[in-house]
Amino acid sequence: NRLTLQGAIARDAELTVRTEFTGTVVAVHASAGSDVAAEQALFTVRQDDPRVDKVIVAPEAGRLTAADLVVGQSVSAGTEVAKLSPARFHVQATVQPVQLYRLLNAPSEGIVTISGGPAPFTCTGLSTRVAEDGTTSIACAVPGDQTVFPGLPAELGIDVGVAEDVLVIPTTAVKGGSGSGIVWVDPGSGELEERQVKLGVSDGSLVEVLEGLEEGETIRQF
């Protein structure tokens, strides 16, 4: 049961940087659009009581998308001082809602293939996301040692399960498909027998039958 989805590389959501103290900005060390390292100084704020200079740093590496403070500006604890687009990426692939049944026992990782890019690699933290418009997608994190760029087309392969030497039937011969279903057995007498079956792994064309049928029985297409 390998589900292959078409998606793209995307940058992780922006982070909001806030000050934890009240004071006056005395130095600006980075501006919007600049790339910063983790713990790099962004602003210096002078507290009045006690009088001491405090440095606001980047929580992690990334690109500043907003940094609006100026020297002489007063800030208070909790004030938003910058927006940081982290140097972290994920793969996001759209999935048809009905395919979510095949992901009920999905692993926490998948295999990412980028045409013309690096060798296929493993992404982690596989999760389902539902957008405001109802679009369903699957996302997983790209390892930090992989070089990727936002917008790159990517293929996401998810291995949900493997079964060998098992009884299978066409998915078009069963009503249902996730865990259980109904088939119509033709014993040759002219009367069809409706029978409940227990289902296992599916590759989209064939589905494993765990209980309810024996090899050699004849069934009708649904």
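Here, every reference points to the structure presented above.
It should be emphasised that the depicted structure is a prediction, and the values quoted were computed from it without experimental measurement.

**Q** Would you mind going over the layout of surface pockets with me for this structure?
**A** Any empty space left between atoms is shown by rolling a water-sized probe over those atoms. Reported here for the largest pocket is a volume of approximately 510 Å³. Taken together, 21 residues form the lining of the largest pocket, with Tyr 101, Arg 102, Gly 177, Ser 178 and Ser 202 sitting closest to its centre. By residue number, the principal contributor to the lining of the largest pocket is strand E18 (residues 193-202), which donates four residues. Taken together, the residues of the lining of the largest pocket sort by class into eight nonpolar, twelve polar and one charged.

**Q** Just to check I follow, could you spell out the side chain of Asp 186 for this structure?
**A** If you trace the backbone, Asp 186 turns up in the loop between strand E17 (180-185) and E18. On the accessibility criterion, Asp 186 (18% relative accessible area) is buried. Within the structure, the side chain of Asp 186 is placed 2.9 Å from the side chain of Arg 220, a separation counted as a polar contact. Aside from chain neighbours lying at most four places away, what touches Asp 186 is Leu 192, Thr 218, Ile 219 and Arg 220.

**Q** Would you mind going over the nonpolar core with me for this structure?
**A** Soluble globular proteins tend to pack their nonpolar side chains together in the buried interior. The biggest cluster of nonpolar side chains holds 21 residues, and the ones touching the most others in it are Ile 9, Val 91, Val 112, Ile 138, Leu 156 and Ile 158. Where this core is concerned, the elements lending two or more residues are strand E1 (2-11), strand E10 (89-94), strand E12 (121-130), strand E13 (136-141) and strand E14 (153-159). With residues near it in sequence (within four places) discarded, Val 112 still touches Val 91, Pro 120, Phe 121, Cys 123, Ala 154, Glu 155 and Leu 156. Within the second largest apolar cluster, 17 residues are counted, among which are Ala 30, Leu 42, Phe 43 and Val 75.

**Q** How do you make sense of the sheet that holds strand E15 (residues 168-170) when you look at a structure like this?
**A** The strands that make up a sheet are held in pairs by hydrogen bonds between backbone atoms, and each pair lies either parallel or antiparallel. Taken in spatial order, the five strands of this open sheet run E15-E19-E18-E17-E16, and their pairing is antiparallel. The open sheet terminates on both sides in strands that have one partner only, identified here as E15 and strand E16 (175-176). Where E16 and E17 come together, two bridges link them in antiparallel fashion. By the bridge assignment for E17, Lys 175 is matched with Ile 182.

**Q** Even after reading the chapter, I still don't get the sheet that holds strand E5 (residues 41-48), so can you show me in this structure?
**A** In spatial order, the strands read E6-E5-E3-E8; together these four strands make up an open sheet with antiparallel pairing. At either margin of the open sheet sits one strand with a lone partner, and together these are strand E6 (51-57) and strand E8 (74-75). Note: strand E3 (residues 23-28) against E8, two bridges, orientation antiparallel. Across the sheet, the residue bridging to Thr 24 is Ser 74, located in E8.

**Q** In this structure, what is going on with the pattern of salt bridges? I would like to understand it.
**A** Oppositely charged side chains can pair when the atoms bearing their charge come close. A full pass over the atoms with the stated rule returns eight salt bridges. Asp 159 is the salt-bridge partner of Arg 2, the closest N and O atoms lying 2.9 Å from each other. With Arg 2 in strand E1 and Asp 159 in strand E14, the pair connects residues that are 157 residues apart, well separated along the chain. You can call Asp 159 partly exposed: its relative accessible area is 42%. A cluster of three or more residues bridged by salt bridges with shared partners is formed by Asp 12, Glu 60 and Arg 88.

**Q** So what exactly am I meant to see when it comes to the state of the cysteines here?
**A** Defined simply, a disulfide is a covalent bond joining two cysteines at their sulfur atoms. Considering all chains together, one arrives at one disulfide under this definition. Disulfide partner of Cys 123: Cys 140, at an S-S distance of 1.8 Å. On the sign convention where negative is left-handed, the bridge of Cys 123 and Cys 140, at about -75° about the S-S bond, is left-handed. Taken together, the residues Cys 123 in strand E12 and Cys 140 in strand E13 connect sequence positions 17 residues apart. Each member of the pair, Cys 123 as well as Cys 140, carries the same accessibility label: buried.

**Q** Before we go on, may I ask you to explain the environment of Val 91 in this structure?
**A** Assignment of secondary structure puts Val 91 in strand E10. Taking the relative accessible area as the measure of exposure, Val 91 reaches 0% and is therefore buried. Separated by 47 residues in sequence, Val 91 and Ile 138 have C-alpha atoms that sit 8.1 Å apart.

How each quantity is defined
- Residues numbered from 1 in each chain as written.
- Predicted model: local features only at pLDDT ≥ 70, side-chain atom pairs only at ≥ 80, totals over all residues.
- Heavy atoms only, no water.
- 1 Å grid on protein atoms, 1.4 Å probe; cavity = no way out; pocket = protein on both sides within 12 Å on 5 of 7 lines; lining within 4 Å.
- Points joined across faces, edges and corners; volume = space filled by probe spheres on them.
- Helix = DSSP H or I, 4+ residues; strand = E, 2+ residues; numbered from the N terminus.
- Nonpolar A, V, L, I, M, F, W, Y, C, P; charged D, E, K, R; others polar.
- Buried < 20%, exposed > 50% of the residue type's maximum accessible area, 1.4 Å probe, protein only.
- Polar contact = N/O pair within 3.5 Å; in protein donor to acceptor, adjacent residues only side chain to side chain.
- Contact = heavy atoms within 4.5 Å.
- Core = buried A, V, L, I, M, F, W, Y, C linked by side-chain atoms within 4.5 Å.
- Pairing = 2+ DSSP bridges.
- Salt bridge = Lys/Arg side-chain N within 4 Å of Asp/Glu carboxyl O.
- Disulfide = S-S within 2.5 Å.

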